[in-house]
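As a plain string of letters, each chain reads:
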Amino acid sequence: MTEPAARPPLTKLTLLLWALPVLAGVLVLILSLALHWEPWFGYASIIAGGLMTVMLIGNHYNVGPDA
């Protein structure tokens, strides 16, 4: 039997990198409201950032079709 591959440790830097896409989406929302753009653009950015965070977490834990 083969041993499963060891995943990298969960560090504060990893958590910060996971939070960056959502934080960038919040920044886009703030900018879109400040520049009087359509607010849905900011909401969509937050959703896209959340999806990117889920993808980064899945990549860290080797979850996916090729895992």
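Placed above this text is the structure.
Since we're looking at a predicted model, the values are computed, not measured. (Residues numbered from 1 in each chain as written. Predicted model: local features only at pLDDT ≥ 70, side-chain atom pairs only at ≥ 80, totals over all residues. Heavy atoms only, no water.)

(A) Layout of the overall build of the chain. Helix and strand content of the chain: 2 helices and 0 strands. The globule rule puts the C-alpha radius of gyration for 67 residues at 11 Å, and the 16 Å found for the chain is more than 25% above it. Classification of the 67 residues of the chain by burial places 18% in the buried group. Summarising the internal contacts of the chain: among those between residues at least 6 apart in sequence, 57% fall at separations of at least 24. (Helix = DSSP H or I, 4+ residues; strand = E, 2+ residues; numbered from the N terminus. Rg over C-alpha atoms; globule rule 2.2 N^0.38 Å. Buried < 20%, exposed > 50% of the residue type's maximum accessible area, 1.4 Å probe, protein only. Contact = heavy atoms within 4.5 Å.)

(B) Quick peek at a nonpolar patch on the surface. On the surface, a cluster of nonpolar side chains totalling about 780 Å² of accessible area is made up of Leu27, Leu31, Leu35, Trp37, Trp40, Phe41 and Tyr43. The greatest single-element share of the nonpolar patch, amounting to 3 residues, is contributed by helix α2 (residues 39-60). Structurally, Phe41 can be placed in helix α2. (Patch = residues over 30% accessible without salt bridge, like charges linked within 9 Å, V, L, I, M, F, W, Y side chains within 5 Å. Areas by Shrake-Rupley, 256 points an atom, 1.4 Å probe, with all protein chains shown as cover. Salt bridge = Lys/Arg side-chain N within 4 Å of Asp/Glu carboxyl O.)

(C) How the structure looks around unusual backbone geometry. One non-glycine residue with positive phi stands out, namely His36, at about 60 degrees. Along the chain, His36 falls in the loop between α1 (12-34) and α2. A positive phi angle, near 55 degrees, is found at Asn62, a position not held by glycine. Here Asn62 shows up in the segment after α2.

(D) A look at α1. For α1, built from 23 residues, the straight-helix expectation of 33 Å at 1.5 Å per residue is met to within 8% by its first-to-last C-alpha distance of 31 Å. Of all the bends in α1, the largest measures some 35 degrees and sits at Leu20, one to four residues before the proline Pro21. All buried positions along α1 are accounted for by Thr14, Trp18, Pro21, Gly25, Leu29 and Ser32. Contacts made by the buried residues of α1 are with α2. Phi turns positive, to about 60 degrees, at His36, one or two residues after α1. (Expected span 1.5 Å × (residues − 1). Bend = angle between axes of the 7 residues up to and from the residue.)

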